[in-house]
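Residue strings, one per chain:
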Amino acid sequence: MRIEWLLALRFLKEGRAQTFFMLGGVTMGVGVIVFLTSLITGLQRSIIEKTLGTQAHVVMRPPDDEARRIITPDSTLAVSANVERRAQRLSSILQWQQVMRELEKRPEVTAVSPLVAGPSFAIRGSATKSVALMGIDPEKYTRIVPMPSFLKEGEFRITANDAAIGTDLARELGVTLGDKIRLQTADGRSETITVAGIFDVGIRDLNRRWVFITLRSAQNLLDLVGGVSSIDVTVRDLFKAEVIGEQLARQTGLTAESWMKTNAQLMVGLKSQSASSYMIQFFVIISVAFGITSVLVVSVIQKSREVGILRAMGCSRRRVRHIFLLQGGVVGLVGSLLGSGLGALLVTFFASTAKNPDGTPIFPVVLEPGMFLIAAGVATVTGILAAAAPAVRAAKLDPVVAIRNV
Amino acid sequence: MSEMNNIIQLTDVRKQYGNDGITTEVLHGIDLTLLQGEFTALIGPSGSGKSTLLNIIGLLEHPTSGVIRVQGRDTGTLPDVELTKLRGRSIGFVFQFHHLIPAFSALENVMMPLMLEDGRPTPAQRERATALLTRVGLADRLDFKPAKLSGGQQQRVAIARALAANPPLILADEPTGNLDTAAADEIFKLLYEVNLESGTTFLIVTHDPRLAHRCRRVVELVDGRIVG
Ligand SMILES: Nc1ncnc2c1ncn2[C@@H]1O[C@H](COP(=O)(O)OP(=O)(O)OP(=O)(O)O)[C@@H](O)[C@H]1O
Ligand SMILES: [Mg+2]
């Protein structure tokens, strides 16, 4: 063991009460930070999970009007027809299969799914309801939105004949599994499907409006033969969705909307929650640092005789400085380990007392190793920084003064 | 006489204290040479500047003017880092109030100058420290903390520590000042024997004329001047 370490540890061991108070301060500070962080992380994660349960991270759509005209300039007839029909006709992504292949190649993209979405009516006997057609490739789509897990009855089997609808629509139309529904669009196209699955995604509006059919059926009904209206994308790091979306848009010439934009309100809420949590953590760190500094300043004064002796015996100023910096660092590191334990205990206890009526915790607690590593790192660095002033002071001590004044 | 035999050579060393306006000169032009193996007493009335002179020789304090050579090497231009190194290698200190480090055992205190030199404890240091403590009669007190040792025993540990790095010069500021007569005699005898055994140069500040007369050389300081 290096002599600096030996001296630092021995001084800490000798200054029992002082070390205890410094460690206590760091332990409580880190405990509060761990508690707060895991609570807020858990809370935010469950909110995001709920929100993203039924959404893609990024939705790619056809570019705006002007861009579209540039793509089809070959026939003036086509352009004028396009302009005339703009208000009613859904715009389509051209060559979407190729775009999908490009998107799938990117390492940060985890799933890609085409979607043909548009308005329609669902008719059963005399009941007519306005619905949103969701034309999908079921295998691809369920990798983005886990529809089978939302299923209440039947199965998520989407074929030319079979479709899935939400619980509220089923109730409003008075249908159960195996019943038939006619889907009809405003311009008169229609198809009849059989209800193969009834789902509940937890959002009433979607339960009332979503009707899942095949891509082909939706293309027929919405007059988008060969095209799709959007491409859903999920990415590895969901908080990078915005950035990745921008890159994808540039690469494909489509527009990209990330879940962060779609849920801007939510993001503002989460961000301000995080900001206030960071602020609390910042001030906790500052006060812990002040605690360490003031204790070490006293300790340096008390140890001035020892420091003087060491200097007389050939201990350099640099080494004296290191001895006190190390004390701060060790207190920070050990305190952060104790504090991590304390915080984990607190948050686990808290989560076990606050429960929903059904026994699930109100606050889903997230204890990640990364958080503890960061806590340990921050506390160690804080300890060293807090020890800086006392350490410099110790290094400046005049050995003669220390030796003369017994 | 060869220059190499000069362990310490002071030329016209002056020391003033205080700055703006009121300065008092404590040492007025000291010329002093200590030869290899000398055993010298430094005596003088209280306030005559003995401790100041010792601290200057020990490179703990800078003189206001004058030259200090340690084994022929001028120390005036050395930076603090070099002075610290030179001090660690060349000079051992024994103080009146023992000045051991309370958090460390007798053995560790004796090892301290060596650990500072090598950067870490080694078995060789342990061996040397054990031998030295055995030499000063404390073989059975190796792991005692200073608080558990008597004044005389603490001073023996301090002597062993001063010897640890085998420095050519040992400076002792009233090493027996805090001890009863019997213990003082023992310590003095120990210093004397070590001087004979190892040829280490000693400069010992003492108030005790009885002890001073047992030294081979006596330097007397009065009012910051060497008078004999
Ligand atoms: N840091 C200082 N500032 C101002 N004056 C000082 C300082 N240190 C010592 N002195 C003065 O220098 C003079 C010599 O002091 P020193 O301690 O060297 O005397 P001494 O011979 O060791 O005395 P004693 O026998 O009492 O130990 C004294 O008058 C003292 O007051
Ligand atoms: Mg004195």
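Residues numbered from 1 in each chain as written. Chains lettered and ligands numbered in written order. Predicted model: local features only at pLDDT ≥ 70, side-chain atom pairs only at ≥ 80, totals over all residues. Heavy atoms only, no water.

Asker: Can you break down the site of ligand 1 residue by residue, with the values?
Answerer: In the vicinity of ligand 1 there are 13 residues, among which A:Arg404, B:Ser46, B:Lys50, B:Ser51 and B:Thr52 approach most closely. Two or more chains meet at ligand 1, and those chains are chains A and B. B:Thr52 has a polar side-chain atom sitting 2.5 Å from an oxygen atom of ligand 1. Contact between ligand 1 and B:His207: an oxygen atom at 3.3 Å from a side-chain N or O atom of the residue. In isolation ligand 1 has 630 Å² of accessible area, and contact with the protein removes 60% of it. Grouping the constituent residues of the shell around ligand 1 by class yields three nonpolar, seven polar and three charged. (Near = heavy atom within 4 Å. Polar contact = N/O pair within 3.5 Å; in protein donor to acceptor, adjacent residues only side chain to side chain. Areas by Shrake-Rupley, 256 points an atom, 1.4 Å probe, with all protein chains shown as cover. Nonpolar A, V, L, I, M, F, W, Y, C, P; charged D, E, K, R; others polar.)

Asker: Outline the interface of chain B and chain A, supporting the account with residue identities and numerical values.
Answerer: Listed per partner, the contact involves 28 residues of chain B and 26 residues of chain A. Both sides together, the interface formed by chain B and chain A hides about 2500 Å², and carbon and sulfur atoms give 63% of it. Note that A:Arg10 is salt-bridged to B:Glu108, the shortest N-O span being 2.7 Å. Inspection of the region where chain B meets chain A yields 10 residue pairs in polar contact (both at pLDDT 80 or more). With five residues, helix α3 (residues 106–118) of chain B is the single largest residue contributor to the side of chain B that touches chain A. For the side of chain B that touches chain A, the class distribution of residues is 15 nonpolar, seven polar and six charged. (Contact = heavy atoms within 4.5 Å. Buried area = accessible area lost by both parts, 1.4 Å probe. Salt bridge = Lys/Arg side-chain N within 4 Å of Asp/Glu carboxyl O. Helix = DSSP H or I, 4+ residues; strand = E, 2+ residues; numbered from the N terminus.)

Asker: Give me the nonpolar core: which residues, what numbers.
Answerer: Counting residues in each nonpolar core, the largest one holds 62 residues, and the members touching the most others are A:Leu310, B:Met112 and B:Leu133. With eight residues, the single largest contributor to this core is α3(B). Ignoring sequence-local partners within four residues, the contact set of A:Leu310 consists of A:Leu7, A:Phe11, A:Cys315, B:Ile101, B:Met112 and B:Leu116. Of all hydrophobic cores here, the second largest spans 46 residues; its members include A:Ile93, A:Val211, A:Leu222 and A:Met267. (Core = buried A, V, L, I, M, F, W, Y, C linked by side-chain atoms within 4.5 Å. Buried < 20%, exposed > 50% of the residue type's maximum accessible area, 1.4 Å probe, protein only.)

Asker: Just give me the short version of the sheet that holds strand β10 (residues 225–226) of chain B, but keep the residues and values in it.
Answerer: Residue and element names in this part refer to chain B. Within the open sheet, the six strands sit side by side as β6-β7-β8-β3-β9-β10. Their pairing is mixed. At either end of the open sheet lies a strand with only one pairing partner, and these are β6 (91–94) and β10. The pairing of strand β3 (residues 39–43) with strand β8 (residues 201–205) spans four bridges and is classified as parallel. Bridge pairing links phenylalanine 39 to phenylalanine 202 in β8. Contacting β6 and β7 (169–173), helix α5 (residues 151–164) runs over the sheet at an angle of about 175° to β6. (Pairing = 2+ DSSP bridges. Axes fitted to C-alpha atoms, helices over the stretch in contact; angles between N-to-C directions.)

Asker: Quick one: what's the story with helix α11 (residues 241–252) of chain A, residue by residue and with numbers?
Answerer: Residue pairs three or four apart in sequence face the same way in an α-helix, which turns once every 3.6 residues. All names here are of chain A. Its 12 residues give α11 an end-to-end C-alpha distance of 16 Å, which sits within 8% of 16 Å, the value for a rise of 1.5 Å per residue. Of all the positions in α11, only Ala241, Ile244, Gly245, Leu248, Ala249 and Thr252 are classed as buried. The arc enclosing the buried residues of α11, seen along the axis, measures out at 145°, which places them on a common side. Here the buried face of α11 lies against β1 (58–61), α5 (96–105), β2 (109–124), β9 (230–235), β10 (255–258) and α12 (259–262). Directly after α11, the chain includes glycine 253, whose backbone phi takes a positive value near 80°. (Expected span 1.5 Å × (residues − 1). Arc of directions from axis to C-beta.)

Asker: Go over the pairing of β6(B), please, and point to the residues and values.
Answerer: Residue and element names in this part refer to chain B. Across the two faces of β6 the burial is the same, with Ile91 and Phe93 and Gly92 and Val94 all buried. Pairing between β6 and β7: four bridges, direction parallel. From the neighbouring strand, valine 94 faces β7, where its bridge partner is alanine 172.

Asker: Can you tell me about the pattern of salt bridges, naming the residues and giving the values?
Answerer: Between side chains of opposite charge, a pair can form as their charged atoms come close. In total, this model carries 35 salt bridges over all chains according to the counting rule given. For the salt bridge of A:Glu242 with A:Lys261, the shortest nitrogen-to-oxygen distance reads 3.1 Å. Separated by 19 residues along the polypeptide, A:Glu242 in helix α11 and A:Lys261 in helix α12 bring together distant segments of the chain. Each member of the salt-bridge network shares a partner with another, and the members are B:Arg135, B:Lys189, B:Glu193 and B:Glu197.

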